[in-house]
Structure formats: structure tokens, C-alpha cells
Amino acid sequence: MRDLRTYVEAEVELGPGLTVVAGPNGAGKTNLLEAAYLACTGRSFRGASDRELVRRGADAGHVSAEVESGAAGALSVSAFSVGIQPPDRRRLRVDGNPVDGLLDHPARPRMSVFLPDRLALVKGGPGLRRAHLDQLLVALRPSAGPLRRGFHEALRQRNALLTSLRTRGVDLDRARGELAPWDRALASAAAALTEARAAAVAAVDPAVAERARQLGLDGELEVAYRPRSSTDADELLQALSERVAGDLERGFTHHGPHRDDLAVRREGRPLSRFGSQGEQRLALLALLLGEADALHAASGQRPVLLLDDVMSELDVERRSRLVEVLAGAGQALITVTEASHVPGADADDVGLVEVEPGAAATVRVATVSTEADR
Ligand SMILES: Nc1ncnc2c1ncn2[C@@H]1O[C@H](COP(=O)(O)OP(=O)(O)O)[C@@H](O)[C@H]1O
Ligand SMILES: [Mg+2]
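Residues take numbers from 1 onward in each chain, read along the sequence in its written order. Throughout, the order in which chains and ligands are written sets their labels, letters from A for the former and numbers from 1 for the latter. With pLDDT at 70 or above as the cut-off, local features in this predicted model cover only qualifying residues; side-chain atom pairs require 80 or more to be listed or tallied, and sums for whole chains, interfaces and linings still use all residues. Excluding hydrogens and water, the side-chain figures rest on all heavy atoms present in the structure.

Points about helix α11 (residues 316–327)
Alright, step 1. Its 12 residues place the ends of α11 17 Å apart at the C-alpha level, agreeing with the 16 Å of an ideal helix rising 1.5 Å per residue.
Alright, step 2. Exposure is judged per residue with a 1.4 Å probe applied to protein chains only, and the accessible area is read against the type maximum: over 50% gives exposed, under 20% gives buried, and values in between give partly exposed. Here a helix means four or more residues in a row that DSSP labels H or I, a strand means two or more in a row labelled E, and each is numbered from the N terminus. Within α11 the residues assigned to the buried category are R318, R319, L322, V323, V325 and L326. The buried residues of α11 all sit within an arc of 160° when viewed along its axis, so they share a single face. In α11, the exposed positions angled more than 90 degrees off the buried face are occupied by V316, E324 and A327.
Alright, step 3. Note on contacts: a residue pair is in contact if any heavy atoms of the two residues lie within 4.5 Å. Looking at the buried side of α11, the elements it contacts are β3 (18–22), α6 (172–215), α10 (277–299), β12 (304–307) and β13 (332–336). A helix is expected to span 1.5 Å multiplied by its residue count minus one. Arc definition: it is the arc formed by the directions from the helix axis to the C-beta atoms.

What to know about the pairing of β3
Alright, step 1. The element β3 is largely enclosed, with a buried count of 5 among its 5 residues.
Alright, step 2. Residues L18, V20 and A22 point to one face of β3 and T19 and V21 to the other, with burial holding for every one of them.
Alright, step 3. Two strands pair if DSSP finds at least two bridges between them. Summarising the sheet, β3 and β13 pair through 5 bridges and their orientation is parallel. Following the sheet pairing, V20 is matched in β13 by I334.
Alright, step 4. Where β3 meets strand β14 (residues 351–355), 4 bridges bridge the pair, whose relative direction is parallel. Looking at the pairing, A22 lines up with E354 of β14.

Considerations on the UniProt feature "domain: Rad50/SbcC-type AAA" (unreviewed entry) in the chain
Alright, step 1. UniProt positions are given in the numbering used here, feature names are shortened, and annotations may be inferred rather than shown by experiment. Feature annotation in UniProt assigns "domain: Rad50/SbcC-type AAA" (unreviewed entry) to the following positions: residues 3–51.
Alright, step 2. The distance separating the terminal C-alpha atoms of residues 3–51 is 11 Å; by composition the span is 31% helix and 20% strand.

Some remarks on the UniProt feature "binding site: ATP" (unreviewed entry) in the chain
Alright, step 1. Following the UniProt record, one finds the feature "binding site: ATP" (unreviewed entry) at G23, P24, N25, G26, A27, G28, K29 and T30.
Alright, step 2. Note that P24 resides in the loop between β3 and α1 (29–41).
Alright, step 3. With respect to the helices, strands and loops of the structure, G26 is situated in the loop between β3 and α1.

Notes on the site of ligand 1
Alright, step 1. When we say a residue is near a molecule or strand, we mean one of its heavy atoms is within 4 Å of it. Within the structure, ligand 1 sits among 15 residues, and G26, K29, T30, N31 and V54 are positioned closest to it.
Alright, step 2. Counting of polar contacts relies on pairs of N or O atoms within 3.5 Å, with two restrictions inside protein: one atom must be capable of donating a hydrogen and the other of accepting it, and residues adjacent in sequence are counted only when both atoms are side-chain atoms. Residue A27 places a main-chain N or O atom 3.2 Å away from an oxygen atom belonging to ligand 1.
Alright, step 3. In this structure, an oxygen atom belonging to ligand 1 sits 2.9 Å away from a main-chain N or O atom of G28.
Alright, step 4. Note on areas: Shrake-Rupley with a 1.4 Å probe; residue coverage comes only from the protein chains shown. Look at ligand 1: alone it shows 580 Å² of surface, and the protein chains cover 75% of it.
Alright, step 5. Take the shell around ligand 1: its biggest share by element is 3 residues, from α1.

Comments concerning the layout of surface pockets
Alright, step 1. Looking at the second largest pocket, its volume works out to about 1,200 Å³.
Alright, step 2. Where the lining of the second largest pocket is concerned, the elements lending two or more residues are α1, β8 (111–114), α3 (120–123), α4 (126–140), α5 (144–168) and α10.
Alright, step 3. For the lining of the second largest pocket, the element with the highest residue contribution is α4, accounting for 7 residues.
Alright, step 4. Here the nonpolar group is Ala, Val, Leu, Ile, Met, Phe, Trp, Tyr, Cys and Pro; Asp, Glu, Lys and Arg are the charged ones; every other residue, Gly included, is treated as polar. Its residues assigned to classes, the lining of the second largest pocket shows 18 nonpolar, 7 polar and 9 charged. For cavity detection a 1 Å grid was placed over the protein atoms alone, and a set of points counts as a cavity when a 1.4 Å probe fits there but cannot get out; an open set counts as a pocket when protein lies on both sides within 12 Å along at least five of seven lines, with lining residues being those that have an atom within 4 Å of a point. Grid points are joined across faces, edges and corners, and a volume is the space filled by probe spheres set on the points.

Section: the environment of V113
Alright, step 1. Assignment of secondary structure puts V113 in strand β8.
Alright, step 2. For the pair V113 and G251, spaced 138 residues apart in sequence, the C-alpha to C-alpha distance is 37 Å.

Some details on the environment of R158
Alright, step 1. Looking at the element boundaries, R158 is found in helix α5.
Alright, step 2. A C-alpha to C-alpha distance of 31 Å links R158 and V223, two positions 65 residues apart in sequence.
Alright, step 3. Apart from residues lying up to four places away in sequence, R158 is in contact with L179, W182, D183, L186, L240, V244, D247 and T253.
Alright, step 4. At 2.9 Å, the side chain of R158 and the side chain of D247 are in polar contact.
Alright, step 5. A polar contact is formed between the side chain of R158 and the side chain of T253, at a distance of 2.9 Å.

A closer look at empty space enclosed by the protein
Alright, step 1. All chains considered together, the criterion is met by 1 cavity of 30 Å³ or more.
Alright, step 2. As for the largest cavity, its lining consists of L4, R5, N31, E34, A35, L38 and L53.
Alright, step 3. The biggest single contributor to the lining of the largest cavity is α1, with 4 residues.
Alright, step 4. Its residues placed into classes, the lining of the largest cavity shows 4 nonpolar, 1 polar and 2 charged.

Overview of the nonpolar core
Nonpolar side chains tend to gather and get buried jointly when the protein is soluble and globular.
Alright, step 1. V20, L221, M311, L322, L326, I334 and V342 are the most contacted members of the largest nonpolar core, which totals 65 residues.
Alright, step 2. Each residue touching L322, except ones within four places of it in the same chain, is listed here: L215, L285, V310, M311, L314 and I334.
Alright, step 3. Residues belong to one nonpolar core when they are buried, are Ala, Val, Leu, Ile, Met, Phe, Trp, Tyr or Cys, and are joined through side-chain atoms within 4.5 Å. By size, the runner-up hydrophobic cluster in this structure holds 35 residues, among which are M1, L38, L92 and V94.

If you want it as C-alpha cells, here you go:
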């Protein structure tokens, strides 16, 4: 990377397993994970603008990643690169060729991110979980992408018509007539989406429960799909038509899968209300790891795990368990203030990147020490 966040210039070589990224507060550990994510997706996992990403005082920033993908014996290497020149200049390339986006590129590694902010997935409102569920769904089954877009398009059109009917002051009977074709389109798109969501949750639930056990979360963890409307197209159609008066009054569709939730429960109780900080952390980790397992089962590829500040709030026993779990979970980067927070960090197959704060706030270079250097 060059001129990104705190980095003037840095090059990091990562092993196939766990890499510990260690350094004091503000040294640039999260920035490093963010750069790895940026290189492979074209996006910041913190939702940062291009101006925030480019190092203060620099005009442009750049990051590139060399990525191995494919099965053992048939590995291919792709080079992803992102050049940013605020306010609006961006250059994305794969193997030197300009591309419009990286997200759909077949050689792009999947990335699964644990950030303390993401605890909102366990603690926060249903909207976040719904968006997460739909992302998972598309990752597990790429053909579900059009299905999800189809639903949102049908919803958008029905809502637009509701607004128009309301402003025109159309009476209820006539409104029903005008809405009918849109209701049918919405109900069938909704049924397809809810079926796919249910299948995705069913595919990850056992893996999430297993990961939670391995991580030492007491009690059985369960993720369950909570549709808020009927998953049957005819029943939903009926429900929509019963609610036309209310929808007209508000100018939008208030019933359907855009209200669904994903429940994260332990022993039947929502973890959002009955879990400690540490338990919620473990549950989020179990969720991400279980999803990674399901993705691996579906596609043969494991996502790269980016785990930021995960060790704080975990006791020594759970930290050890996490490291054991990560040993078999593919490539992972984990940030800590002290390498000693990762039990087993000195093992031969664990990489260490020490991020050292420079004398000036902007000069920082990360070096990777490998087995050979030690
Ligand atoms: N565009 C930027 N240019 C220079 N410094 C930046 C930029 N964006 C963030 N920083 C600095 O990065 C530091 C935080 O880095 P971060 O990776 O979050 O630290 P940590 O090692 O604690 O994870 C802060 O000191 C912040 O001022
Ligand atoms: Mg940080």
C-alpha cells in the first residue's frame, strides 16, 4: 500500500493460516485490515470515503493484493489493485486490466469481517441482520442475487403506486384494482426470497451451533429465520389485499419479507437481551465462522477472516479456544495490542506483523517476520 491512512508505504506477506497483527493503540492495525479488504473489494469495511482513506497530506493512495485462488495443485494468482484520487477518481484493476468493480470478479477472495461495531448484528435492530442474511444468501447461492433484486424492485414499484394512488385520492375499490397486478408480482417474488432465506439459514445453523460449542459459549446457540409474513405466495397475496387500506394511508407496503428478522438465540432466549458483552462477541464469532464453514461446503473456498479487536473481553480460556479454531479455518488476520494476547502466537505456522508507530504520525511501515527471520 502507498499513502493509505497511516501508511506511507508498506508491503505485507501473509501466510496461508493465521497472521497476528500487533501494535499499540492507533498504530494502524485496523488500517491494515481495511487496506486488505479494500484491495479485494474496492470498499472500506468502515464505510470510509476516499478522502478519509488517502493519507493526510497525500493526493492519491494505492493498494494492491496478489491473491492465490483455486484448489491445491491448480492455484492461480491474480493481482487486484485499487487507486484512489479524491474527490472522485478511482482506478480498479485486475491483472492490470481496468474493471468497473471487484465484487463480482470470480477470483476475488470472500472476506468475513469481525469489527467491534458488528456486534450490532447480535445486539441491534433487524435491518442489519436482514441485510447480512441476504449477503450470506447471495454468497452461498449466487443465483439468488436476481431473486433479491426482483423482490426489491417489485416492492419499490408497489410503493410508488401506493404513493400515487394516495395523492390522486383514489377510492379503495379502484385502488385494489390498480394494485392487483403489483400484489401478485410482489407476492411471488416474496415467496421465492423467503424460501431462499430459509434455506440459507438452515444451511448455516448447525455450523454456527458447532462453532459456538468449540469457542466455549455456554448453552446451545441457534440462528433461526423469523419471517414476519407468510412464506406462501397465495397467503401473502391475501394478506396484502386485506391491508390495502392501511398501506394507502401510509403510502407504503407495511407487510412482507422486508420486515423479516434473523433470531440469534441461546437456549431459546435472544442474546441481544440476555447475553454479556463477551458472550455476544463469541456468538458473533460463531456466526461468522459457521457461515464461513457453510460457504466452504457450498463453494470449496474459505473466506479470509479479518478479526479486529476480537480478543478484548475474552478470557484466557476462550482466547485459546479461538486460536485452536482458527488453526483450521483458513487464512485469518487478527489484531491485538500485544502478541501475547494470542496464545500460541509464537508457533511456527503463525505469522506476525508488528505495526510500529513512527516518529511522525504518518510514517509507519509494517514488516512481517516469518519463520525464516526468527
Ligand atoms: N487518512 C489518514 N491519514 C493519516 N492518518 C490517518 C488517516 N486516517 C486515519 N488515520 C490515523 O490512523 C490512526 C488509527 O489507526 P488504526 O488502524 O485505527 O489504529 P489501531 O492500530 O488502534 O487499530 C489514528 O491515529 C488516525 O488519526
Ligand atoms: Mg483498531
